[in-house]
Amino acid sequence: MNKNAGPLQGEERPWEAMNSGTIRAAIAPELLGTATISPTGSFEAGSYATFTLVYTAGFYGIDDSGSMRICFRFASDQSNPQFTDKAAANYTTVEASNGAILEVRFDPKGNVRPWDRTLYIKVVRGFLSEGDQIVVKFGVTDFGSPGMRMQTFCEGTFEFRVLVDPIATFNYQPLPVQPVIRIVPGAPERFIAVLPTLWRPGEAFSLKLKGEDKWGNPSDRCDTTLTLRAQGEIDGLPTQIELKPGPFAFEISGLSVREPGEARVELVDADGAVVAVTNPLRVAPEELVQFWGDLHGQSEETIGTGSADEYFAFARDRAFVDACGHQGNDFQITGAFWDELNRLTAAYDEPGRFVALPGYEWSGNTALGGDRNVYFPEEGRVIRRSSHALVEDHSDIGNDCHTANSLFDAFARHKEFDVVCFAHCGGRYADIVLAHDGRFERSVEVHSSWGTFEWLVQDAFRAGYRVGIVANSDGHKGRPGASYAGAGKFGAIGGLTCYLMSELSRAALLDCLRKRRHYATSGGPGGRMVIDVRAALSEPGILYHDDPALGPAVGRPASEALIGDIVHLPDGEVELSVDIVAAAAIERIDIFNGCELIETVRPYTPADLGERIRVIWEGAEYRGRFREVVWDGTASFSDNEIVNAQPINFFNRDKALTSVGTNGLSWKALTTGNFGGFDVVIKGRNAGRLAIQTPLVTCELAVADIGFDDQVFDQSGELPRFLKVSRLPTHNESRAVKFKRPIKLHDTGDNPIFIRLAQEDGTRAWTSPIYLYR
C-alpha cells in the first residue's frame, strides 16, 4: 500500500469532481490558460516565504469584468493575503502585464468548499488577450514584511488552486494543471514517547516515539541518541535508541512486564537531561485492557488535508493510536469516494494491530438535528446522506435522510441495529433534544479540535438520555490522533478516547462503544492516563448494557458497576472507587451526579499551598461556529514580584504569554469552550494585590485572599464564560490518586455518576457515567 498517496500535479481523482469549487465546465480546459509558481519545492511548516504566481491567459483571455480566483483549503492556517500593510505578513501585490486595472480582495468564504479561502481578482477596466499575464506576488519582503507565513501542518501537495471565469459568466473553472508546493516538518523541538496504559502481565507491547517540530508535526530530521531509563521493570528494553534522519517515528517492539505494577520510561539526552517521559503503564491481570483511538476526522477528499490513505497511515504510524475512523461530510462523499473509503478501512483494519472503522459524518444542519458520527461493523453499507449538496450523481439520492430523526428511523426500519452513532459539535452542532435515539446514539463528543462542549453532555443528562462520553480530533489537518491547534481558528488540541476492551478488534471496539466503557481526554502529550472508576453496591442491583428505558434489555445481578453501566438499585448504598495514575501532576478531580458537582478532590491540602497562583479563563460565546471568546489581557502585582510564569494551553505559537517588567504579564488568548491561563510563582507569599484585565473580566484581589478555593469572576451568557483564581503548592508531584467516596443517590430519575480529571499541564479527562437509578 502506498502510504504517501496523493494527487500528482494537475491530477483529478474521480471522487473530487464535485469538490473543485466550480459548476460543470463549459469551456475546454486547455483553453483556460496556465499558471506557474516560483519557487517550487519543499517549505518548512510555519516558515515564511515569498512566491510569484503567474497566470497566463488562454485562448479566450479574460474579458472586461471577467475574473479569476486563487483558492486555498478551508483547513489551511497560512497568513491571509493582504494589500495595505507593507510591513505585515503576506503583503501581496497583483498586476496585469498589459496594464489592465484590477480589483483585488481576499474572502475567507469566497468559493465552494473545501477551497473556501479565496484571493479574488477582477478585471474592472480593460481586458486580457491570449498570452497576457496576471502576476501575483505573495509575501513581498521589499518593505519589511517577513513574507507569506506557510501553514503550520504538513501537506505533500499544497495547492494554489487557480480558477478562471474568462468570459464573465461567473462560472469558474479550474485550470487543468495547478501550481503545487510541498509543506514539510521542521527540526524536532520535543520528543513524544508512548506506551500502553493498561496491559496484562507477560503480554508483548511496544514503545513508540517521535520528534515533533514546534507546530506538532512529526519530524524526519531527528538525529540523536537517547538513553532509555525505565521506572519499573520492563523486559526487552534496550539501554539506548539511535534516532536517525529519514523516519518520522520509531518503535521498540517485543517488550513485556512480568509482574503487576506500574512503569514509565524516561528519554535522556547526551547531557543527562530528561527530554521526554512516557505516559504511565499499569500492568494488571484484567479482562479489559486499554486501547486509544481517534474516530473522527477528515481528509482532503472532503474538507481536510492529505489523502484518506495518508490519514489512516498517520493515525497508526505517527500518532500511535490503536483505532481510527474517517468521518467525511456526507454531502461531499461521492459514490466513488465511498467505495475508496471502504477499500481503505478494509485494508488498514488488522486485528491485534490497528482497527479502522467504516463510517461517515451525517452532516445535517442544526435545525434538522445537527452533526452525527455514524459507524458500521463492516464495509459495503448504505450511506444515508443528509443531502447531495456537493455530490452530482443522484442515483442513490433516494437513500438520503434529511433529518437526524429520519436517519435513526431508517436504521430501525432496515434493522441496522449494529450501527453506532455519536452526537458532536463541529461547525454545526448537534441538537440532541430535537433528535436522539439511544438504540443507535450511544455517546456524545465532549471535546475536539473545535473546543470543549460540556453543555452537550449536560443536554443529554437533562433530557434523561443514557450516553457515554467520547473525545476525538474532528481534525482537518491530516493528523488524526495528534491534531494540534496550529495558527488558525481551531481553539484546542484534538481529543482522544480510551476504550476498555478485551482485545484490539472491530467487534471488541463496537462492543465497548455500545456499553459506553470508555473515557475521553483533551489529548496532547499529557492525554494518556490510567483511570479506573467503579461503583460498589451494598445490595445487588440489576446491571444493563442496553438501556431498559428504550425497550426489552438483558439484565443481570451485580454488586459492582464499571463506567458506562446502567444499574437499577432499588435499595442499598453506593461507594465510588477512583484510582488514577496521571500523565502529569494532578490538580483536581471533580465528582459529578449529572449536572451537579458533588465534590472536588485535590491531592493536596490547604497547608500545602505555596507561592504559586493559577489564573484560568474558560468558556465559549455560543454553541455555533463563531464561539471564540477573546481573553487578550494583562495581569500585574502591586508590592510583589514575579519569580516565573508558565502558560497553560497556549496552543497557538503566535499567541504568547509575555513578561512585563518584574511584576506584570500580558497575553493573547482565546477559548472555544476549553480553557487556558497561566501559573505564576511570586516572591512574596501574601504581599500586595493582583489586578487582571481582559475584554470580558476585570478584577482586583488581595494576594493574601487567594487560597485553596477558586475565586470565580463569572460573565456567563448563553454558555459559561468565566475567569478563576486559586493557589497551588509551589511544587506538586502528585501523579497518582486513589480514594473512595459514598454517593448519595436521588430517589427519582437517573444518577449519572462520573468524574472529571484536571492535570496541571492543562489536560482534562471525563469518564463515561455509571447510570444508577432507584
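The structure this text deals with has already been given above.
Here goes a summary of the coordinates provided. Within each chain, residue numbers correspond to sequence positions counted from 1 in written order. Local features in a predicted model are, by the rule used here, given only for residues with pLDDT of at least 70; side-chain atom pairs are given and counted only at 80 or more, and totals for whole chains, interfaces and linings are based on all residues. The side-chain figures draw on all heavy atoms in the structure; neither hydrogens nor water molecules are used.

### With respect to helix H3 (residues 404–413)
Looking at H3, one finds that the buried residues are Ala 404, Leu 407, Phe 408, Ala 410, Phe 411 and Ala 412. Buried residues along H3 sit in contact with strand E27 (359–362), strand E28 (372–375), strand E29 (420–423) and strand E30 (441–448). One or two positions beyond H3, positive phi appears at Lys 415, with a value near 55°. Categorising residues by exposure relies on relative accessible area from a 1.4 Å probe, with only protein chains included: less than 20% of the type maximum marks a residue as buried, more than 50% marks it as exposed, and the intermediate range marks it as partly exposed. Helix and strand labels come from DSSP, where a helix needs a run of H or I of at least four residues and a strand needs a run of E of at least two; each type is numbered from the N terminus. Whether two residues are in contact is decided by their heavy atoms: any pair within 4.5 Å suffices.

### Here's the deal with the side chain of Arg 428
You can see Arg 428 is positioned in the loop between E29 and E30. Overall, Arg 428 belongs to the buried group, its relative accessible area being 10%. At 3.5 Å, the side chain of Arg 428 forms a polar contact with the side chain of Glu 361. Residues adjacent in sequence count toward polar contacts only when both atoms are side-chain atoms; beyond that, a polar contact is any pair of N or O atoms within 3.5 Å, and within protein one must be able to donate a hydrogen and the other to accept it. A distance of 2.7 Å separates the side chain of Arg 428 from the side chain of Asp 371, its partner in a polar contact. With residues up to four places along the chain from it excluded, the contact list for Arg 428 reads Asn 329, Phe 331, Glu 361, Ser 363, Gly 364, Asn 365, Thr 366, Asp 371 and Arg 625.

### Looking at the packing of helix H1 (residues 308–317) against helix H2 (residues 335–348)
Simply put, an axis is a line fit to the C-alpha atoms, just over the touching stretch for a helix, and the angle between two N-to-C directions goes from 0 to 180 degrees. Running from amino to carboxyl end, H1 crosses H2 at an angle of 30°, the nearest separation of the two axes being 10 Å. As far as their axial angle goes, H2 and H1 are roughly parallel. As for how H1 packs across H2, the hand of that crossing is right-handed. Judged by residue contacts, Ala 308, Asp 309, Phe 312, Ala 313 and Arg 316 of H1 engage Phe 337, Leu 341, Leu 344, Thr 345 and Tyr 348 from H2. Across the contact of H1 with H2, the residue classes tally to 7 nonpolar, 1 polar and 2 charged. An angle below 35 degrees is read as roughly parallel, one above 145 as roughly antiparallel, one from 65 to 115 as roughly perpendicular, and any other as oblique. Should the near helix be turned anticlockwise from the far one by less than a right angle, the crossing is left-handed, and should it be turned clockwise, the crossing is right-handed. Under the convention adopted here, Pro, Cys and the residues Ala, Val, Leu, Ile, Met, Phe, Trp and Tyr are nonpolar, Asp, Glu, Lys and Arg are charged, and Gly plus all remaining residues are polar.

### Describing the packing of aromatic side chains
To pair, rings of Phe, Tyr and Trp, with the six-membered ring standing in for Trp, must have centres within 6.5 Å; the planes then decide the type, stacked if under 30 degrees apart, edge-to-face if over 60, and tilted in the middle. Per the counting criterion, the structure on display carries 30 aromatic pairs. Measuring from ring centre to ring centre gives 5.0 Å for Tyr 375 and Phe 422, while their planes differ by 55°; the resulting arrangement is tilted. Residue Tyr 375 is found in strand E28, and its partner Phe 422 is found in strand E29; the two are separated by 47 residues along the sequence. For the residue pair Tyr 375 and Phe 422, the accessibility class agrees, reading buried in each case. Taken together, the ring pairs connect Phe 43, Phe 51, Phe 72, Phe 138, Phe 158 and Phe 160 into an aromatic cluster. Distance and angle both matter: a charge sits over a ring if NZ of Lys or CZ of Arg is within 6 Å of the ring centre and within 35 degrees of the ring normal. In this arrangement the basic side chain of Arg 69 is found over the ring face of Tyr 172, its NZ or CZ atom lying 3.6 Å from the centre.

### A short note on a nonpolar patch on the surface
For patches, a residue must show more than 30% relative accessible area and have no salt bridge; joins then use 9 Å for like charges and 5 Å for nonpolar side chains, namely Val, Leu, Ile, Met, Phe, Trp and Tyr. Under the convention used here, a 1.4 Å probe and the Shrake-Rupley method define accessible areas, while residue burial counts only the protein chains that appear. By convention in these notes, a salt bridge is any Lys or Arg side-chain nitrogen within 4 Å of a carboxyl oxygen on Asp or Glu. Nonpolar side chains collect at one region of the surface, where Phe 59, Tyr 60 and Ile 167 lie side by side and expose about 310 Å² of accessible area between them. Here Tyr 60 shows up in the loop between strand E4 (51–57) and strand E5 (67–72).

### Regarding the sheet that holds strand E44 (residues 642–648)
What links the strands of a sheet is backbone hydrogen bonding, and the strands pair in either a parallel or an antiparallel sense. Read across the sheet, 5 strands follow the order E44-E48-E41-E52-E51 without closing on themselves; strand pairing throughout is antiparallel. Where the open sheet ends on each side, the last strands, each with one partner, are E44 and strand E51 (711–714). Neighbouring strand axes in the sheet, compared pairwise and without regard to direction, differ in orientation by 15° on average. One bridge is not enough; two strands pair if DSSP finds at least two bridges between them. Bridging between E51 and strand E52 (residues 721–728) involves 4 bridges; their strand directions are antiparallel. Following the sheet pairing, Phe 713 is matched in E52 by Leu 723.

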